[in-house]
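# Per-entry structural report
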Amino acid sequence: MSSSSRTTATAEHRRLAQAPKDSDPWRLWGPYMAARQWGTVREDYSADGNAWAYLPFDHAHQRAYRWGEDGLAGLCDRFGFFNVSLALWNGEDDRLKERLFGLTNCEGNHGEDVKEVWWPTDATPTHSYGTWLYRYPQAAFPYNHLRAEAASRGRTDDEYELIDTGVFDENRFFDIEVTHAKANPTDICLEYTATNHGPDAAPLDLVPQAWFRNTWSWGRDEREPSISLVTENCVRAEHGWLGDYELHADGEPRIIFCDNETNEIAVFGAETNPRELTKDGINQRIVAGESDGIRLDHGTKVGFWYHFEAIAPGESVTVRLRLRGVGRSSAHQPKGTAHQEPVPGDPAFGEGFDIVRRVRAEEADEFYAAVIPATVSDDDRHIARRAFAGLLWGKQLYRYYVEEWLEGDPAVKAPPRERVTGVEGRHGRNVGWRHLALADVISMPDEWEYPWFAAWDLAFHTVPLAHIDPEFAKHQLVLMCREWAQHPNGQVPAYEWAFEDVNPPVHAWACWQVYAIDGGQDQAFLIQVFNKLLLNFSWWVNRKDAEGSYLFEGGFLGMDNIALFDRSTAVPPGYKLEQSDATSWMAFFSLSMLRMALELARHERAYDNTATTFLQYFINLAHAMDRTTPEKVSSLWNEEDGFFYDALQHGDGEIIQLRVRSMVGLLPLMAVLIAPSWVQHELPDFVREVEWMMEREPAMMKAITQAEADSGGEKLTMTLISKRRRGLLLERLFDENEFLSEFGIRSLSAAYREEYTAEIGGRSMSIRYTPGESDIDLFGGNSNWRGPVWFPVNFLVVDSLRLYAASAEGDVEYEYPTGSGRMVKLSEIVSDLEDRLVNLFRLGPNGRPGDQREYPNGPLWDEHVTFSEYFHGDTGVGLGAAHQTGWTALVAHYICSDHAPHLPGVLPGE
């Protein structure tokens, strides 16, 4: 769908047209509350940087957060001042179920690991409508059992999941469905429905809660908002910036108040609390029956307590709230967010509530009918819609001002100096990023395990997001390049545990993809990101190719334990690591910048010279990768193996190739670009430069191929590697005994099922194909690149192969799979690889391959789709984080493209 036709296609598209910016009214409220705020770097004020231990799960219900909030299906304004979420109690748990539980990095046998069952089930981009499903056991939640069982297991053991504990046996659980539906930007209908799927009647307390984030205890803003009782089923929330809201509750709940303050007696063993009431007062009243911790008329936190003594098998109960802006609105509100007064006599509940819910659900169906092609199967449509729901529920408020975080707050004890100076030879965390100051809604990799942005994850998120909300996708890409995020030296922040780490430079590629998916009209966006990415490109050149060899280093580059050793910190003394993947990423970066420069030069000729600059740089990279008899530097190519490897170069000139066949050696395939046909006619200066270089430097120009195009003129293709080398790489890639699996491309060759050992720098180092969870501690051991299928790099390689099929060298045939004797056109191979990736989510006779680790088969389970962080290299079972509808949501891009021949990043009409 073109950008212009999107604006009027559906009611939701019209809302998006009215609200392109994050400050627009329809975007003021959304599911922006984090699924986990405890255990994050933002909340860590320890000396040793152990964020998991500084604010653990067992403190979360008693301790006020500094930078954000968390909860179940949480709703909040875009700055997180006022929050609404659901609490549950089954009569057995030792505390209210207010947030998702999981194991910390040191508790899980494969690192941090959420131990809950939930699914985002629907959402629209303006959050006019959204649904979310949580599966709550009727037995006591087995917190300690899960911890103890994980502690008894090692790296080689499977993870112990909530389903394994038996609490879901005989379907003894409640399904809790949460629905948000906006009547207008500041009038939101909230519905919570619990269904008993067990064989016996069971009690349940549903306790929607609302509270203000604690902004007043730190000495930086002493203004304290308030929530006060208005009627027996209505409270009023007053805030200096947000304005006034009323929260109405249907039926006859008991309304109880406390304050969002730390219980220092319970948490730290203090003799008294600074404030009379604390954050856990509602919990203590409901679970322990203690009334001392609550008020009945005001506070900064309120609970609407609905008690159901016995919900019969198959029965459902529903409670409803309505949040309405009323009265005054702050002068600090974004333009257009003034509260809309309720119509006199208009009840909060009744027919009007039901109409809002029904109409918004119908509009969501209408919206996705326009986004997802009608030709796709019902199951694929369901997969795509769930992927989009996960992306939209994964938008979370991210507040983090590094300067304030390092200094501490005036009203509390100063943090230890070691946070800045570091401990045990390590420098303090993020001390070089004092400029970073974010208070933005950002697309997170995962709701619980990664409740913080990661630069390369975020770039991948924007591609599927561009299908449903291109303005938000563009905003995310621009945000990473703004001066309050991007470092003054040009580096893009990696992730909050270490902003200075290096993620692969995929930002430029994502910018071009989003621009193309949006119809290729927003040149202002392209100019804005292009100019800032020039700084980032310079940072890479200056920091990661210090010797000017065009062979780059970069460390782990997002692919954690893929190498024989930690490429970030464990390079043998005296050696310099030259990385096949780092060099490939830079070639990929160069071509992405070149494509943007060509587009900009079409409208502003001043960019023509910039295009030739990136062309020249790419040619130098291709020449460096192609060297076979180096004197000063080594080629990364091994002719005997027909593969690219990382290489160690010693100061005395010794070269050691690290001959491990992994995704590192396949990534050179990514760097391919087909110049648009109009370049020949509209950019004569660029064409003359190409012709001049071909005439005078033919050896350097082997990376460029020209051929007659079907439509006349010439087709210009730029590739990092020659056709012959590409054929050798693809022979490996298409080999089922190496990289080709039933569900995509493995990250390490299966040829290493038997351990491979090499002598490196006087040390013996080994690697083995491990298709599932990591069995080593490298990079914490909570992800694994030694065999599993990873969706984002698969996506890049497969889309690059599609470009090769359309390139000047044509759609040639390859043996597929290798050794089968079956010759197949490359375009057909691409379609098959794409299908293999989508099959990870499709429902088959044994369920969905990606779900099999987490859930059993059956009618209550088969509907739900898991978007895992990565997938078993042999079976397709989902692994790692279980709610990674960040980059794994790329499957929606495939489905929305309807498997039709499409060229990645090609504009309409090209």
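Residues numbered from 1 in each chain as written. Predicted model: local features only at pLDDT ≥ 70, side-chain atom pairs only at ≥ 80, totals over all residues. Heavy atoms only, no water.

Right, let's get into the overall build of the protein chain. Looking only at helices and strands, the protein chain has 24 helices and 35 strands in total. Taking 2.2 N^0.38 as the reference for a compact globule, 910 residues should give roughly 29 Å; the C-alpha atoms of the protein chain span a radius of gyration of 28 Å, in line with that estimate. Looking at the protein chain as a whole, 64% of its 910 residues qualify as buried. Restricting to contacts in the protein chain with at least 6 residues of sequence separation, those with at least 24 account for 73%. Carbon and sulfur atoms form 48% of the exposed surface of the protein chain, whose accessible area is close to 31,200 Å². Here the protein chain contributes 84 positive and 138 negative side-chain charges, whose respective centroids are spaced 3 Å apart. (Helix = DSSP H or I, 4+ residues; strand = E, 2+ residues; numbered from the N terminus. Rg over C-alpha atoms; globule rule 2.2 N^0.38 Å. Buried < 20%, exposed > 50% of the residue type's maximum accessible area, 1.4 Å probe, protein only. Contact = heavy atoms within 4.5 Å. Areas by Shrake-Rupley, 256 points an atom, 1.4 Å probe, with all protein chains shown as cover. Lys, Arg positive; Asp, Glu negative; His and termini not counted. Charge placed at Lys NZ, Arg CZ, Asp CG, Glu CD.)

Below, the discussion takes up the environment of Arg 275. Looking at the secondary structure, you find Arg 275 in the loop between α6 (264–268) and α7 (281–288). Under the relative-accessibility criterion, Arg 275 is labelled partly exposed at 31%. When the C-alpha atoms of Arg 275 and Pro 817 are compared, they prove to be 69 Å apart, with 542 residues separating the residues in sequence. In contact with Arg 275, not counting residues within four places along its chain, are Trp 216, Glu 224 and Glu 261.

So, about the confidence of the model for the protein chain. Chain-level pLDDT for the protein chain is 92 on average; 95% of the residues reach the 70-or-more range. Within the model, the stretch residues 330–339 combines pLDDT values under 50 with 28 contacts to residues more than four positions away or in other chains. Segment residues 629–633 is flagged for pLDDT under 50; beyond a separation of four residues in sequence, or across chains, it makes 7 contacts in the model. (pLDDT = per-residue confidence, 0-100.)

The next point concerns the packing of aromatic side chains. Two numbers describe a pair of aromatic rings. These are the distance of the centres and the angle of the planes. Evaluated as defined, the whole model comprises 69 aromatic pairs. Taking 5.8 Å as the distance between ring centres and 45° as the angle between the ring planes, the aromatic pair formed by Phe 81 and Trp 241 counts as tilted. One end of the pair, Phe 81, is in the loop between β2 (72–77) and β3 (82–89); the other, Trp 241, is in the loop between β12 (234–239) and β13 (243–249), with 160 residues separating them in the sequence. Centre to centre, the rings of Phe 367 and Tyr 368 are 5.0 Å apart; their planes meet at 80°, and the pair counts as edge-to-face. Each member of the pair, Phe 367 together with Tyr 368, is buried. Above the plane of the ring of Trp 861 lies Arg 135, whose end atom (NZ or CZ) is 4.5 Å from the centre. The lysine or arginine in question, Lys 279, covers the ring of Tyr 65, its NZ or CZ lying 4.1 Å from the ring centre. (Phe/Tyr/Trp six-rings, centres within 6.5 Å; stacked < 30°, edge-to-face > 60°. Lys NZ or Arg CZ within 6 Å of the ring centre and 35° of its normal.)

This part covers the pattern of salt bridges. Under the definition given, this model contains 71 salt bridges. For Lys 21, the salt bridge is made with Asp 24, and the minimal N-O distance between the two is 3.7 Å. You can call Lys 21 partly exposed: its relative accessible area is 48%. By relative accessible area, which is 9% here, Asp 24 ends up buried. Here Glu 161 and Lys 115 are joined by a salt bridge, their closest N and O atoms 3.4 Å apart. In this pair, Glu 161 is assigned in the loop between α5 (143–151) and β8 (173–184) and Lys 115 in the loop between β5 (113–114) and β6 (118–123), connecting sequence segments 46 residues apart. (Salt bridge = Lys/Arg side-chain N within 4 Å of Asp/Glu carboxyl O.)

Let's shift gears to helix α23 (residues 826–838). An α-helical turn contains 3.6 residues, so any two residues separated by three or four positions project in the same direction. Its 13 residues place the ends of α23 19 Å apart at the C-alpha level, agreeing with the 18 Å of an ideal helix rising 1.5 Å per residue. By the burial criterion, the buried members of α23 are Leu 826, Ile 829, Val 830, Leu 833, Glu 834, Arg 836, Leu 837 and Val 838. (Expected span 1.5 Å × (residues − 1).)

In this section: the sheet that holds strand β24 (residues 655–658). Read from one edge of the open sheet, 3 strands run β20-β23-β24, paired in antiparallel fashion. Looking at strand neighbours, the two that pair on one side only are β20 (575–578) and β24, the edges of this open sheet. In this sheet, adjacent strand axes meet at a mean angle of 25° when their direction is disregarded. Pairing analysis gives 4 bridges linking strand β23 (residues 646–650) to β24, with the strands arranged antiparallel. Paired with Ala 647 across the bridge in β24 is Gln 657. (Pairing = 2+ DSSP bridges. Axes fitted to C-alpha atoms, helices over the stretch in contact; angles between N-to-C directions.)

Quick look at the pairing of strand β14 (residues 254–258) now. Most of β14 sits inside the fold, with 4 of its 5 residues counted as buried. The sheet contact formed by β14 and strand β16 (residues 301–311) spans 5 bridges and is antiparallel. If you follow Arg 254 over to β16, its bridge partner there is Trp 305.

Before going further, it helps to spend a moment on the environment of Gly 878. Inspection of the secondary structure puts Gly 878 in strand β35 (residues 878–879). C-alpha of Gly 878 to C-alpha of Phe 841: the two residues are 37 residues apart in sequence and 9.6 Å apart in space. Excluding residues within four positions of it along the chain, Gly 878 makes contact with Pro 849, Gly 850, Arg 853, Ser 868, Tyr 870 and Phe 871.

As a further point, take the sheet that holds strand β10 (residues 202–212). A sheet is described by the order of its strands in space; here 6 strands give the open sequence β1-β2-β3-β10-β16-β14, paired in antiparallel fashion. The sheet terminates laterally at β1 (29–30) and β14, the two strands that pair on one side only. Of the strand pairs in this sheet, β10 and β16 are connected by 7 bridges, and their pairing is antiparallel. Within β16, the residue paired with Asp 205 across the bridge is His 307. Of the strands in this sheet, β3, β10, β14 and β16 are in contact with α7, which crosses β14 at around 135°.

Axis separation between helix α22 (residues 791–805) and α23 bottoms out at 8 Å; the angle between their running directions is 160°. Comparing their axes, α23 and α22 come out roughly antiparallel. The handedness of the crossing between α22 and α23 is left-handed. Listed contacts from α23 to Phe 791, Asn 794, Val 798, Leu 801, Arg 802, Tyr 804 and Ala 805 of α22 are Leu 826, Ser 827, Val 830, Leu 833, Glu 834 and Leu 837. Residues that form the contact of α22 with α23 fall into these classes: 9 nonpolar, 2 polar and 2 charged. (Parallel < 35°, antiparallel > 145°, perpendicular 65-115°, else oblique. Left-handed = near helix turned anticlockwise from the far one by under 90°. Nonpolar A, V, L, I, M, F, W, Y, C, P; charged D, E, K, R; others polar.)

Let's shift gears to unusual backbone geometry. A cis amide bond links Tyr 816 to the next residue, Pro 817, at an omega of -10°. Its location among the elements puts Pro 817 in the loop between β32 (813–815) and β33 (823–825). Residue Ala 73 is not a glycine yet carries a positive backbone phi of 50°. Tracing the chain through its elements places Ala 73 in strand β2. Its identity as a non-glycine residue notwithstanding, His 127 has a phi of 60°, on the positive side.

For the rest of this paragraph, the subject is the side chain of Arg 595. With respect to the secondary-structure elements, Arg 595 resides in helix α16 (residues 580–603). Its relative accessible area of 4% is what places Arg 595 among the buried residues. When neighbours within four sequence positions are excluded, Arg 595 is seen to be in contact with Trp 512, Leu 673, Pro 676, Trp 678, Leu 907 and Glu 910.

Attention now goes to the pairing of strand β11 (residues 226–231). Bridging between β11 and β12 involves 5 bridges; their strand directions are antiparallel. Within β12, the residue paired with Thr 231 across the bridge is Cys 234. Counting the residues in the hairpin turn of β11 and β12 gives 2 residues. Of the strand pairs in this sheet, β11 and strand β15 (residues 298–299) are connected by 2 bridges, and their pairing is antiparallel. Bridge pairing links Ile 227 to Gly 299 in β15.

Following the sequence through the fold, Ser 85 ends up in strand β3. Judged by relative accessible area, which is 2%, Ser 85 ranks as buried. At 2.8 Å, the side chain of Ser 85 forms a polar contact with the backbone oxygen of Leu 72. Dropping the residues within four chain positions of it, Ser 85 is found in contact with Met 33, Gly 71, Leu 72, Gly 74, Val 207, Pro 208, Gln 209 and Trp 211. (Polar contact = N/O pair within 3.5 Å; in protein donor to acceptor, adjacent residues only side chain to side chain.)

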